Amino acid sequence: MQFWHWTIVYYVAINIMTFILYGVDKKKAKNHKWRVSEFTLIALAMTGGCIGAIAGMFVWHHKTKKTKFRILVPLSLLLHIFLVCFLTYQNNHLVVTNYSYKTDINCRIVQISDVHNMVPYWDDDALARKVAEQNPDYIVITGDLVDSTHPDIDSAIRTAESLAKITDTYYVTGNHEKRFSEAKQAEFLQSLRDVGVIVLQDEYVLLTDNSGREFVLAGMDNDSIGTPAGYALIESFPEQTVSILLAHQPQYIYSGAYEGADIVLSGHLHGGQIVFGDLGNGMPNNRGTGLISPEFVFFQEFSYGFMTERGTAMYTSRGIGNSIIPWRINNYPEIVVLTLHS
Ligand SMILES: [Fe+2]
């Protein structure tokens, strides 16, 4: 579910409940029965049921003369208007994160990750314009273009198409696409190919950098990570050639699943959703950690940023959209620009 879906569901539910409880309490007061406590009635308003509370006060003529209700209920409404504006901005303010890395090739790669069907909040053109402004040599999409809980394939394909019009665009699957049936997966991947996206499923292509030097761009299917197919892909890379591997899930670097690749681009952990303090982007080995990953791991190490491990450099994007946890704080949706230079 996305930010707005959860927000609307939450506010509608708590406001209906609050409105009803104010009515129930009024009725109990008239009949001199056991009451709903004032603490509960105010707490409901403070936790989001403020419109229901105001409506309940006026419709049921209840608590309208109590000073604490006259102050705290409207105050809670103002607080929640601020909170919704704040979270909307936090979830929709698209930023560009720049990294540069010294290696043997010269080129600029723009990475888009974990869109989760969220692009309509800006529209595809706005995202594509911002990507085009970065002058990418290549664009890579590192999985979860769709969200499996409410997949919108047409939206995902539109996003991919708008990117593929800018420059050569490569795609690798994430865990959300792999939740589709095999037939639906095949149809989705074919739709990507039809709009000009190059799908990499346990395969690599040889690309050239700005100086005409060849390098490997490989894509590891999400289900092949840490399996013989994944290891075989890396073993197949030509020697003495810089290799860039697209693989959705960064945490597998610790078990050696990416050993042998020079650079890995990943996503999946959504920056840990809520980040405390300085993001530290661009810092060497910042190994960013957020509060909770989509896998419900608290303070999962390396939820975003740059690290090196077992001779491999890895960049993990905070991604653009959300999946099961719908809110981001201090963790804006990001476009990653990786400048490789010799
Ligand atoms: Fe994701």
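**Q** Even after reading the chapter, I still don't get the overall build of the chain, so can you show me in this structure?
**A** When helices and strands are tallied, the chain shows seven helices and twelve strands. With respect to the three principal axes, the spread of C-alpha positions in the chain is 85 × 40 × 40 Å. In the chain, the share of contacts with a sequence separation of at least 24, taken over all contacts with a separation of at least 6, comes to 70%.

**Q** How should I be thinking about the packing of helix α4 (residues 124–132) against helix α5 (residues 153–164) in this particular structure?
**A** Two quantities define a packed helix pair, namely the angle between the axes and the distance from one axis to the other. Where α4 contacts α5, the axes come no closer than 9 Å and their chain directions differ by 30°. The orientation of α4 with respect to α5, classified from their angle, is roughly parallel. By crossing handedness, the relation of α4 to α5 is classed as right-handed. Seen from α4, the contacting residues are Asp124, Asp125, Leu127, Ala128 and Val131; seen from α5, they are Arg158, Thr159, Ser162 and Leu163. For the contact of α4 with α5, the per-class residue count stands at four nonpolar, two polar and three charged.

**Q** Would you mind going over the domain arrangement of the chain with me for this structure?
**A** Accessible area lost upon the coming together of the parts is a frequently used measure of interface size. Taken domain by domain, the chain holds domain 1 (3–90) and domain 2 (95–341). The centre of domain 1, based on its C-alpha atoms, is set 43 Å off from the matching centre of domain 2. Every contact between the two is made by four residues of domain 1 and, on the other side, six residues of domain 2. Taken together, the elements giving at least two residues each to the side of domain 1 that touches domain 2 come down to α1 (3–30) and α3 (67–92).

**Q** Would you explain the sheet that holds strand β9 (residues 263–266) in this entry?
**A** The strands making up a sheet associate through backbone hydrogen bonding, with each pair oriented either parallel or antiparallel. Read from one edge of the open sheet, six strands run β6-β7-β8-β9-β11-β10, paired in mixed fashion. Bordering the open sheet on either side are β6 (203–208) and β10 (305–309), each of which pairs with just one other strand. Here the average twist between neighbouring strands, direction ignored, is 20°. Here strand β8 (residues 243–246) pairs with β9 via three bridges, running parallel. Bridged to Leu245 within β9 is Val264.

**Q** Can you help me understand the environment of Thr289 in this one?
**A** Within the secondary structure layout, Thr289 lies in the loop between β9 and β10. Expressed as a C-alpha distance, the spacing of Thr289 and Ser303, which sit 14 residues apart in the sequence, is 5.1 Å. Beyond its immediate sequence surroundings of up to four residues, Thr289 is in contact with Gly272, Phe299, Gln300, Glu301 and Ser303.

**Q** Sorry, what's going on with the packing of helix α2 (residues 38–59) against α3 here?
**A** Their axes nearest at 8 Å, the elements α2 and α3 cross at an angle of 110°. Taken together, α2 and α3 sit at an angle that is classed as roughly perpendicular. When the axes of α2 and α3 are compared, the crossing they make is left-handed. Contacts between α2 and α3 involve Ile42, Ala45, Met46, Gly48, Cys50, Ile51, Ala53, Ile54 and Met57 from the first element and Lys68, Phe69, Leu72, Val73, Ser76, Leu77 and His80 from the second. Residues that form the contact of α2 with α3 fall into these classes: twelve nonpolar, three polar and one charged.

Reading guide: rules and limits
- Residues numbered from 1 in each chain as written.
- Predicted model: local features only at pLDDT ≥ 70, side-chain atom pairs only at ≥ 80, totals over all residues.
- Helix = DSSP H or I, 4+ residues; strand = E, 2+ residues; numbered from the N terminus.
- Contact = placed C-beta atoms within 7 Å.
- Axes fitted to C-alpha atoms, helices over the stretch in contact; angles between N-to-C directions.
- Parallel < 35°, antiparallel > 145°, perpendicular 65-115°, else oblique.
- Left-handed = near helix turned anticlockwise from the far one by under 90°.
- Nonpolar A, V, L, I, M, F, W, Y, C, P; charged D, E, K, R; others polar.
- Domains from an automatic or database assignment.
- Pairing = 2+ DSSP bridges.

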